[in-house]
Amino acid sequence: MMKKLKLKEWIPTEVHDWEGKENDVLVLNYTMKCALACDFCCYGCHPNRKEKMSFELAERLIREAAELDTFSSVGFTGGEPLLFPEEICALADVLHEVHLPFTIATAAHWAVDDAYSKELLGYLKNKGLIRLNISHDPSHMKFVDKAIVMNAVRAASELGIATYVVGTFNSIHESLESFLPEAIDLPKVSLLTKYVAKVGMAKKWDITQQLYGLSLDTEDLCCYRRVNHDIVIWHDGSVYPCCSTFNRATPGIKVGNAHDLSLREIWEKVEGSLLFRIMKRQGFGELYSILHSRAPHLYKQLPQAQDVVGPCSLCNAIFKDKAICTEILHVISEYEKEKVSHALEIVVELLGIDKATSVVEEIIT
């Protein structure tokens, strides 16, 4: 483990691709505590929050991820995971031991000077840090000065760490390139412009498709990861099947709790869900089509695409409603039983009853 780091006093002012094959990602939402209190924060994080994942749970999940072939990396997010640099470095030691690369999302309040930035990031890179995601925009700059952020960006660039600087705006006329031109030409640095989502602290903001120049139809909307999963585990063990900013506000997609389930069991629940497969691989248009044909009364209650600002927003609008969620799960369960029954009939027709029975027994055992 890295020796205890000495941070200089910090005085506050007013995403998935890497050079390798990315399969499923285990995301640890390590803490709700943050050095910032941004006005649009999707989770309402701020300096006085106390929630934090136990080191023991994080280590257990990392070791279980390494035992499963499906996970290609681990991500740390929050809140601000680097409010606990010693713990993150210790977990980086574990990741290095089990040969899993990792990413970190941060607002870089800790980058008080070049020396400290290089010391921390250099240690983490040597342990397998493959990408640093840094949040910075006008809301973040109220708490972390641009000069501090650039300390982290330059250090990561010089160390050869892929760095995504992410700026979140509430106007399509703003971009991170114009807000942080200092970072444009740095090697290994990408600037990503995103827009505020109507969730968390921004739930009451007037965010519409018109604001962002969108014109969406249900057929256009599907999950951001079409095949693989971001399995997100929160500080309290709650599990969600995606890294959407809406996940915590969408109880209907909660998978379970990591205190009660192994990571293998969690992955099997996510991968085995027909509902998730439909939304991810076929899209919300297919889900709506199934519900329209099998439960017209339910279909009429569904939120419409014109009232949301993207697939995650639509998913939240559907699955935050307990009654609708319960009905959808029932319809999809019956739909799945029929699909399985039909598939078995085809197998029996092709192989005969004895061979088909043998194949099925082999699969389920």
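What counts as what
Residues numbered from 1 in each chain as written. Predicted model: local features only at pLDDT ≥ 70, side-chain atom pairs only at ≥ 80, totals over all residues. Heavy atoms only, no water. Helix = DSSP H or I, 4+ residues; strand = E, 2+ residues; numbered from the N terminus. Rg over C-alpha atoms; globule rule 2.2 N^0.38 Å. Buried < 20%, exposed > 50% of the residue type's maximum accessible area, 1.4 Å probe, protein only. Polar contact = N/O pair within 3.5 Å; in protein donor to acceptor, adjacent residues only side chain to side chain. Contact = heavy atoms within 4.5 Å. Domains from an automatic or database assignment. Buried area = accessible area lost by both parts, 1.4 Å probe. Salt bridge = Lys/Arg side-chain N within 4 Å of Asp/Glu carboxyl O.

### Re the overall build of the protein chain
Phase 1: When helices and strands are counted, the protein chain shows 13 helices and nine strands.
Phase 2: In summary, the protein chain has a C-alpha radius of gyration of 22 Å against a globular reference of 21 Å for 365 residues, a match within 12%.
Phase 3: On the principal axes, the C-alpha backbone points of the protein chain span a range of 70 × 50 × 35 Å.
Phase 4: Within the span of the protein chain, comprising 365 residues, buried residues form 51% of the whole.

### As for the side chain of S117
Phase 1: With respect to the element layout, S117 can be found in helix α3 (residues 114-127).
Phase 2: For S117, the side chain forms a polar contact with the main-chain oxygen of D113, separated by 2.8 Å.
Phase 3: Each residue touching S117, except ones within four places of it in the same chain, is listed here: W110, A111, G122, N151, A152 and A155.

### As for the domain arrangement of the protein chain
Phase 1: According to the domain assignment, the protein chain contains domain 1 (24-273) and domain 2 (276-351).
Phase 2: Inter-centroid distance (C-alpha atoms) of domain 1 to domain 2 is 29 Å.
Phase 3: Listed as interface residues are 30 residues of domain 1 and, on the opposing side, 26 residues of domain 2.
Phase 4: The contact between domain 1 and domain 2 buries some 2,300 Å² in all, and 60% of this surface belongs to carbon and sulfur atoms.
Phase 5: Three residues stand out in domain 1 for area buried against domain 2, namely T218, L221 and S273, and they jointly supply 24% of the buried area on that side.
Phase 6: Where domain 1 packs against domain 2, one counts one salt bridge.
Phase 7: E271 is the salt-bridge partner of R281, the closest N and O atoms lying 3.6 Å from each other.
Phase 8: Along the contact surface separating domain 1 from domain 2 lie 16 residue pairs in polar contact (both at pLDDT 80 or more).

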